[in-house]
Amino acid sequence: AALVVLALAAGSAWWAARPAQNRAPFVAELADAGPGVRVFDATGRGEPGAAGRQLAAGELIQTAADPGTQEARAARIVCFGEGAEIELGAKAALSLGAAPDSGGFTPHSEKLHLTEGRMRITVAKRSSARPLAVTTPHAEIQVTGTLFSVLVSAPASRAEVEEGTVRMRASASVAWSELHPGQW
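Note on numbering: residues in each chain are counted from 1, in written sequence order. With pLDDT at 70 or above as the cut-off, local features in this predicted model cover only qualifying residues; side-chain atom pairs require 80 or more to be listed or tallied, and sums for whole chains, interfaces and linings still use all residues. By convention in this description, side-chain values take in all heavy atoms of the structure and omit both hydrogens and water.

**Student:** Whenever I open this one, the pattern of salt bridges confuses me. Can you help?
**Tutor:** A side chain with one charge may pair with a side chain of the opposite charge, provided their charged atoms come close. The term salt bridge refers to a pairing of a side-chain nitrogen on Lys or Arg with a carboxyl oxygen on Asp or Glu at a separation within 4 Å. Counted under the stated rule, the structure contains seven salt bridges. For arginine 53, the salt bridge is made with glutamate 47, and the minimal N-O distance between the two is 2.8 Å. In this structure, arginine 158 engages glutamate 160 in a salt bridge whose closest nitrogen and oxygen atoms are separated by 3.1 Å. Glutamate 160 sits in the partly exposed class, given a relative accessible area of 35%. The structure contains a network of salt bridges with shared partners spanning Glu47, Arg53 and Glu59. Whether a residue is buried, partly exposed or exposed follows from its accessible area with a 1.4 Å probe, protein chains only, as a fraction of its type maximum: under 20%, in between, or over 50%, in that order.

If you want it as structure tokens, here you go:
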């Protein structure tokens, strides 16, 4: 009987420690998280966000409203391999990976989807053949290395460039516009 209990315990430990099947790879880390930051997996299950938490592709990071100001940084995210650092403001929602209707996430996608709120992002210089894409309900932005902010509100999305250049287009458009520092 003791041998059976020992075998069951070893089997349970192996099962708990095995690599998760069909789990998206970790693509970022929640480097800083204020109160009210929550992380939701692809099934919609949420948990409080804490500094040091690894973030998988397809997860949603949501920040609560700050009664003081909408400009306050509620979370900071560092993307692995992307050379990007993201500061989310209060009352923001950001998905890592592909936009909801873009056909799903692939491990090599480099796309962020901001559905509401403000984010400030610093992107390290990268090849124009592999830009980082930021989508919103109203627009798509391509980045090859810059510092800029994106604000999503009910009627529209706005990008404000602080350094470098970004390309932006409305969701329904095929024409791209280049934005430079001071433009939005």
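**Student:** Whenever I open this one, the pairing of strand E10 (residues 132-135) confuses me. Can you help?
**Tutor:** As a general feature of sheets, a regular strand has side chains that alternate between the two faces. Strands here mean DSSP runs of E at least two residues long; helices mean DSSP runs of H or I at least four residues long; both are numbered from the N terminus. Residue alternation in E10 divides its side chains into two sets, Leu132 and Val134 and Ala133 and Thr135, and both sets are buried. Strands pair, by our definition, only if DSSP identifies at least two bridges between them. Alignment of strand E9 (residues 111-123) against E10, held across three bridges, turns out to be parallel. Each bridged residue has a counterpart across the sheet, and for leucine 112 the counterpart in E10 is valine 134. With four bridges joining them, E10 and strand E11 (residues 139-152) adopt antiparallel strand pairing. Residue pairing in the sheet places valine 134 in a bridge with isoleucine 141 of E11. Once E10 ends, the chain turns through three residues before running back antiparallel as E11.

**Student:** What should I look at first to understand unusual backbone geometry in this one?
**Tutor:** Apart from glycine, the bulk of residues carry a negative phi angle, and the bulk of peptide bonds sit in the trans form. Of note in the backbone geometry, lysine 91 takes a positive phi value of approximately 55 degrees without being a glycine. On the secondary structure map, lysine 91 appears in the loop between strand E7 (84-89) and strand E8 (93-96). Here lysine 91 falls in the partly exposed class, since its relative accessible area comes to 45%.

**Student:** Whenever I open this one, the side chain of glutamate 59 confuses me. Can you help?
**Tutor:** Along the polypeptide, glutamate 59 turns up in the loop between strand E4 (53-56) and strand E5 (60-62). Note on glutamate 59: relative accessible area 9%, which makes it buried. We call two N or O atoms a polar contact when they sit within 3.5 Å, provided that within protein one can donate a hydrogen and the other can accept it, with sequence-adjacent residues counted only if both atoms are side-chain atoms. Within polar-contact distance, the side chain of glutamate 59 engages the side chain of arginine 53 at 3.1 Å. Ignoring sequence-local partners within four residues, the contact set of glutamate 59 consists of Val39, Phe40, Asp41, Arg53, Gln54, Leu94, Ser95 and Leu96. Contacts are assigned to residue pairs that have any heavy atoms within 4.5 Å of one another.

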